[in-house]
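What follows is the residue order along each chain.
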Amino acid sequence: MGWERREPAAGAAPARWGRVVALAPFLSHVAAVRTLGIRPAPADYAPDERDAILRAEWILYPTPRLAPVLEAAGCRCFPTAFTYTIWKDRPLQWRAAAYARIPAPPHRICYGQRAKEQTLERLGLPLNAAGPNAAKDPVIRAARPDQWRDACARHDPLVVWKPVPTLGTAEVYCVQGRAVGSRFTAPEGRSLLPPGFSLDGAVHMALQLCREVLLSEAVVRFQWSEDRWLFAGLARPPRYWHDEEGTLDRFAVVAHFLERGIL
């Protein structure tokens, strides 16, 4: 299977009923997972359900609203509260990449007009610019002063980076510190790797990022520029991941990890 082709390591004891509790019903079909459903607040769970949550070794899919509360109570969540946040928070993504020492194009996170003016002076046009919500704010290519002014007026903070010549984009799908899939896309949309080309460097850096900042799961993107991979952002994994080796169901991957004791 796709996740075994990267790191075929055996896990610990497989999940047993009661050891793993889920709130969102994505794994309600898995016998080892006790699914409680999503409630507005922790107090809305019955006393025995709250006790099950506090005693469980893992709380799966706790939702972005409840994950911080549960982690504050000492629960171990998948995804973590930080993972839920970074999927959408573009400035946090670039800061995390810098913390993990992942190469990136010249960039800056601009707060306020003065920072934007300084960035234009330092980097010059053209520039790529995008708002803080990675899930909603599209990347704006600012090649002219009016395009740059428009980008500055739309967003604050503004993430800005220098465009780089690229052979293509790599995406690496990581779950719990393991790479379960990778794929390549050339600028013209072609998905086949050029002869002699490898995604191993991108996979290595994606794992480095996920392990150093403790990301539960993410799709990490890179661009190949000249002779190296450069960070280009990350995203929430899709329900179905497609690459040259087939299709993976996101929740089937997690269920498989439960069976092997990785979760």
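This text goes with the structure placed above it.
Residues numbered from 1 in each chain as written. Predicted model: local features only at pLDDT ≥ 70, side-chain atom pairs only at ≥ 80, totals over all residues. Heavy atoms only, no water.

### Examining the sheet that holds strand β8 (residues 158-161)
Let me state the cut-off plainly: Should DSSP find at least two bridges between two strands, the strands are taken to pair. Elements are defined by DSSP. Helices are runs of H or I of four residues or more, strands are runs of E of two residues or more, and each kind is numbered from the N terminus. Comment: axis = line fitted to C-alpha atoms, over the contacting stretch for helices; angle = value between 0 and 180 degrees taken between N-to-C directions. We call two residues in contact when some of their heavy atoms are within 4.5 Å.
A sheet is described by the order of its strands in space; here four strands give the open sequence β5-β8-β6-β7, paired in antiparallel fashion. Strands with a single pairing partner mark the edges of an open sheet, and in this sheet they are β5 (107-110) and β7 (140-142). The mean angle between the axes of side-by-side strands here comes to 25 degrees, regardless of whether they run parallel or antiparallel. Judged from the three bridges that link them, strand β6 (residues 127-130) and β8 form a sheet pairing that is antiparallel. If you follow Ala 130 over to β8, its bridge partner there is Val 159. Each of β6, β7 and β8 touches helix α6 (residues 145-154); the most contacted strand, β7, lies at about 140 degrees to it.

### Here we look at the side chain of Gln 208
The condition that has to hold: Counting of polar contacts relies on pairs of N or O atoms within 3.5 Å, with two restrictions inside protein: one atom must be capable of donating a hydrogen and the other of accepting it, and residues adjacent in sequence are counted only when both atoms are side-chain atoms.
Relative to the assigned elements, Gln 208 resides in helix α7 (residues 200-212). Looking at Gln 208, its side chain comes within polar contact range of the main-chain oxygen of Ala 100, at 2.5 Å. Once you skip the residues sitting within four places of it in the chain, Gln 208 turns out to touch Ala 100, Arg 101 and Ile 102.

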